[in-house]
Amino acid sequence: MPDPVVTLTTDFGDDGPYVAAMKGVILSVNPAARIIDLTHEIPPHDIRHAAFFLANALPYFPPGCIHVVVVDPGVGSSRALLYIESSRQRIIAPDNGCWTLLPEPSLVRRIENPRYGRPHISATFHGRDILAPVAGWLSRGLDPANLGTVTNDWVRLRLPEPSRTDGHVSGEVVFVDRFGNLITNIPGDWLPELGVGATCVMVGSEAVTHRVRTYADAELGTAAALVSSFGTLEIGVVQGNAAERLKAGLGTPVKIC
Amino acid sequence: MPDPVVTLTTDFGDDGPYVAAMKGVILSVNPAARIIDLTHEIPPHDIRHAAFFLANALPYFPPGCIHVVVVDPGVGSSRALLYIESSRQRIIAPDNGCWTLLPEPSLVRRIENPRYGRPHISATFHGRDILAPVAGWLSRGLDPANLGTVTNDWVRLRLPEPSRTDGHVSGEVVFVDRFGNLITNIPGDWLPELGVGATCVMVGSEAVTHRVRTYADAELGTAAALVSSFGTLEIGVVQGNAAERLKAGLGTPVKIC
Amino acid sequence: MPDPVVTLTTDFGDDGPYVAAMKGVILSVNPAARIIDLTHEIPPHDIRHAAFFLANALPYFPPGCIHVVVVDPGVGSSRALLYIESSRQRIIAPDNGCWTLLPEPSLVRRIENPRYGRPHISATFHGRDILAPVAGWLSRGLDPANLGTVTNDWVRLRLPEPSRTDGHVSGEVVFVDRFGNLITNIPGDWLPELGVGATCVMVGSEAVTHRVRTYADAELGTAAALVSSFGTLEIGVVQGNAAERLKAGLGTPVKIC
């Protein structure tokens, strides 16, 4: 059986020693753990970005992987730390809603047992002092029942929902990728069944009139609407930057006319 | 035998879920794969940067590693996806020339067999839906003959060549590293056999008159020419930034007088 | 026994092929090595940042890990390369003081034996040509006695020390993290035993009057002093950026009144 996988998703960036210290702690508990970086570039304290990230990354992993998430503006407060089973993945994360765009969990426990944390718990870095060692123990086969009590009470992230009334579809930009592509929360199957051709999508006050299946279907520099790899409406500019061209970003309203 | 190595080279950056999703897909096909990040900071859609990167990284790996390359401005078009054997490495990449600065390949196949991709192939993310699972299968021992037909027809990157006529050597900057060092395409053994001392290299319209073996041979702040770790002419500023000082960048012409 | 861990700490950034080449070289010597990135974002040539990083990351690793450090402004000069045992870790690094904030070493050797480097040693990239292959050999069980002679002579990083005279405590900022938190070199146990409440810390010319145990103890946007996860005085702004707010950075003097 391959060594157990422990992934890391944080907002720590890479220049400081925070992530490295967590890796050391995990390996100190389980020298056989296979540590995989998912990202350390979640914008600082951005729960919503973390939630989008996790919902679109974790379901691709094989069952049983352990995912440590440290985006934790409430560190040191009374916010709980949670053990979650969802999509056949095992997640440990602060109770701030960052994992709640994943499918409804089959099990959530509070992490309460001090036995699996480090002997001294700092007030500001529970990632290193609690979550990392707990991940190490879980990867060694610890039964999660040892961590703490089952709970049905956790923070749920509330996000604006896309709407569809009288044939009017509206939503917003929920992610801007490195290429400047605008990913919306409008399901791809809400798009009119027009196939490739003319369309009318308003991104803020800018109209996008091309509909394509993929970027290669339009000319260089054309702004076009398509179904993203996330399965939602995306607006991109062929080999250009849609966010810059359309002066759009996170939260920009998007409508299909 | 150690678990198989699968490396990743992309232009996705680290903040979005693209790279993480690929890692999940690879592990879902082969839970024993050892995933190693080479870079996710290729500038967006920059085939030339990717080609320089791969040519100067892959040959250092032991035989048989699998290298997944996703710099893919033509995703969704009719561009092929390729399986390549070169330098005893195994590369899977879009057919856009990004791997063609490596030594002439011993084998190239088109990746055509849908059996080794994911069941649903998105129009914009073949890295996740085709290349990642194919890498997983290859790392499990899949015979590449199953992927598709052998081809002798692929895109070759055409780059300006350095020239040497009547004792005049000219070339250009092909890579600027994080320190601001200017790496050129002029072979190190074209440099006059002067050893350390005076020289005359024109970088754009700026003259560099020091020739050193290594940065420690000149005083702090001196601009100097040397043979780079890539084996080519490099211009650096001792503990300074040559790109800024000489107002030079990718493509800046370089001449030896 | 799990495969041996080799970590990498460099100032190379991620866009160039330097780090990838080192990974290839390590795996070429020991295909079973488990390579773990600690950071490649040490600011270029910043020995002091590297020293802070290593002192706060390496002690968390299990005994016997091999840590390759390449922050090497003196590459190619007569500066030595060292093999160090400290905190039960094994470190290979240039002799520039970057590791000397770790506890006093139990053993230091010069790396002198050309047998364990690559056949051709470039003048500017000893990370790839010497340190990476040496790490590979050590991870295969090479006795460090083969590397070179024991030495008691190495560069020690001299840093300003915090002081405490007549009840006046002063020090400075030694690290600014991604959140803008200001980490100082003033030991946490030098703080007056006031617990949570009023305090007076001068950061440059700005007064910070709140003392908290953790960020959750003060209101959003409040500047507050606390004991950092490094065990030292830290000044942060609750869900804000202290470096920006207090116009402070590396080296800013900090006093407790």
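Structure's up top.
Nothing here was measured: the structure is a model prediction, and the numbers come from that model.

A few words on the side chain of Asn181(A). All names here are of chain A. Along the chain, Asn181 turns up in the loop between β8 (168-176) and β9 (182-187). What makes Asn181 buried here is its relative accessible area of 6%. At 3.1 Å, the side chain of Asn181 forms a polar contact with the side chain of Tyr215. For Asn181, the contacting residues outside a window of four places in its chain are Phe175, Val176, Tyr215, Glu234, Ile235, Gly236 and Val237.

Residues and elements named next belong to chain B. Where helix α1 (residues 18-29) contacts helix α3 (residues 126-139), the axes come no closer than 8 Å and their chain directions differ by 35 degrees. Of the two possible hands of crossing, α1 and α3 adopt the one that is right-handed. From α1, Ala21, Met22, Val25, Ile26 and Val29 reach across to α3, where they touch Gly127, Arg128, Ala132, Pro133, Gly136 and Trp137. Across the contact of α1 with α3, the residue classes break down as 8 nonpolar, 2 polar and 1 charged.

What follows covers the pattern of salt bridges. Residues and elements named next belong to chain A. In this structure the tally under the stated criterion is 21 salt bridges over all chains. Across the salt bridge formed by Arg118 and Asp129, the nearest N and O atoms sit 3.0 Å from each other. Residue Arg118 is found in the loop between β6 (107-110) and α3 (126-139), and its partner Asp129 is found in helix α3; the two are separated by 11 residues along the sequence. A residue is classified by how much of its surface remains accessible, and Arg118, at 25% relative accessible area, is partly exposed. A salt bridge links Asp129 to Arg128; the shortest N-O distance between them is 2.7 Å. Like Asp129, the residue Arg128 is buried in the burial classification.

Relative to the assigned elements, Asp37(A) resides in strand β2 (residues 34-39). Polar side-chain contacts of Asp37(A) include one of 2.6 Å to the side chain of His40(A). Beyond its immediate stretch of four places on either side in the chain, Asp37(A) contacts Leu8(A), Val19(A), Lys23(A) and Lys23(B).

As a further point, take the relation of the copies chain C and chain A. At an RMSD of 0.0 Å, chain C and chain A line up after a rotation of 120 degrees and a shift of 0.0 Å along the axis. Expressed as a symmetry operation, the mapping of one chain copy onto the other fits a three-fold axis. A distinct binding surface is used by each copy, with only 3% of the interface residues of chain C retained as interface residues in chain A.

All names here are of chain C. Within the element layout of this structure, Ile26 appears in helix α1 (residues 18-29). Placed 20 residues apart in sequence, Ile26 and Val6 show a C-alpha to C-alpha distance of 8.6 Å. Look past the residues within four positions of Ile26 in its chain and what remains in contact with it is Val6, Leu8, Ala33, Ile35, Ala132 and Gly136.

We now examine the sheet that holds strand β2 (residues 34-39) of chain B. Residues and elements named next belong to chain B. Spatial strand order, β2-β1-β3-β5-β4-β6: 6 strands in an open sheet with mixed pairing. Two strands bound the open sheet, and with one partner strand each, they are β2 and β6 (107-110). Neighbour to neighbour, the strand axes of the sheet diverge by 20 degrees on average, direction disregarded. Its contacts with the sheet place α3 against β1 (5-10), β3 (66-70), β4 (81-86) and β5 (89-94), and it is angled at close to 175 degrees to β3.

Another point: the interface of chain B and chain C. Facing the 30 residues of chain B at the interface are 34 residues of chain C. Roughly 2800 Å² is buried in total at the junction of chain B and chain C, and carbon and sulfur atoms are behind 60% of that figure. A per-residue breakdown of the area chain B buries against chain C is headed by Tyr60(B), Arg178(B) and Phe179(B), which together make up 28% of the total. Where chain B touches chain C, the interface holds 1 salt bridge. Among the salt bridges present, the one from Arg178(B) reaches Glu41(C), with a minimum N-O distance of 3.3 Å. Of all elements in the fold, only β2 and α2 (47-55) of chain B reach the threshold of two or more residues within the side of chain B that touches chain C. The element contributing the most residues to the side of chain B that touches chain C is β2(B), with 5 residues. By residue class, the composition of the side of chain B that touches chain C is 17 nonpolar, 7 polar and 6 charged.

Of note in the backbone geometry, Gln239(A) takes a positive phi value of approximately 50 degrees without being a glycine. Secondary-structure assignment places Gln239(A) in the loop between β13 (232-237) and α4 (242-245). Its identity as a non-glycine residue notwithstanding, Arg88(B) has a phi of 60 degrees, on the positive side.

Here we take up the state of the cysteines. Counted under the stated rule, the structure contains 1 disulfide over all chains. With its sulfur 2.5 Å from that of its partner, Cys200(C) forms a disulfide with Cys257(C). Of note, the bridge from Cys200(C) to Cys257(C) carries an S-S torsion of about -55 degrees and is left-handed in sense. Remark: Cys257(C) occurs in the segment after β14 (253-256) and Cys200(C) occurs in strand β10 (residues 197-203); sequence separation between them is 57 residues. Exposure remark for Cys200(C): the relative accessible area of 27% places this residue in the partly exposed category. With no disulfide of its own, Cys65(B) has Cys98(B) as its nearest cysteine by sulfur position, at a separation of 17 Å.

What counts, and where the lines are drawn
Residues numbered from 1 in each chain as written. Chains lettered and ligands numbered in written order. Predicted model: local features only at pLDDT ≥ 70, side-chain atom pairs only at ≥ 80, totals over all residues. Heavy atoms only, no water. Helix = DSSP H or I, 4+ residues; strand = E, 2+ residues; numbered from the N terminus. Buried < 20%, exposed > 50% of the residue type's maximum accessible area, 1.4 Å probe, protein only. Polar contact = N/O pair within 3.5 Å; in protein donor to acceptor, adjacent residues only side chain to side chain. Contact = heavy atoms within 4.5 Å. Axes fitted to C-alpha atoms, helices over the stretch in contact; angles between N-to-C directions. Left-handed = near helix turned anticlockwise from the far one by under 90°. Nonpolar A, V, L, I, M, F, W, Y, C, P; charged D, E, K, R; others polar. Salt bridge = Lys/Arg side-chain N within 4 Å of Asp/Glu carboxyl O. Least-squares fit on C-alpha atoms with pLDDT ≥ 70 in both. Pairing = 2+ DSSP bridges. Buried area = accessible area lost by both parts, 1.4 Å probe. Disulfide = S-S within 2.5 Å.

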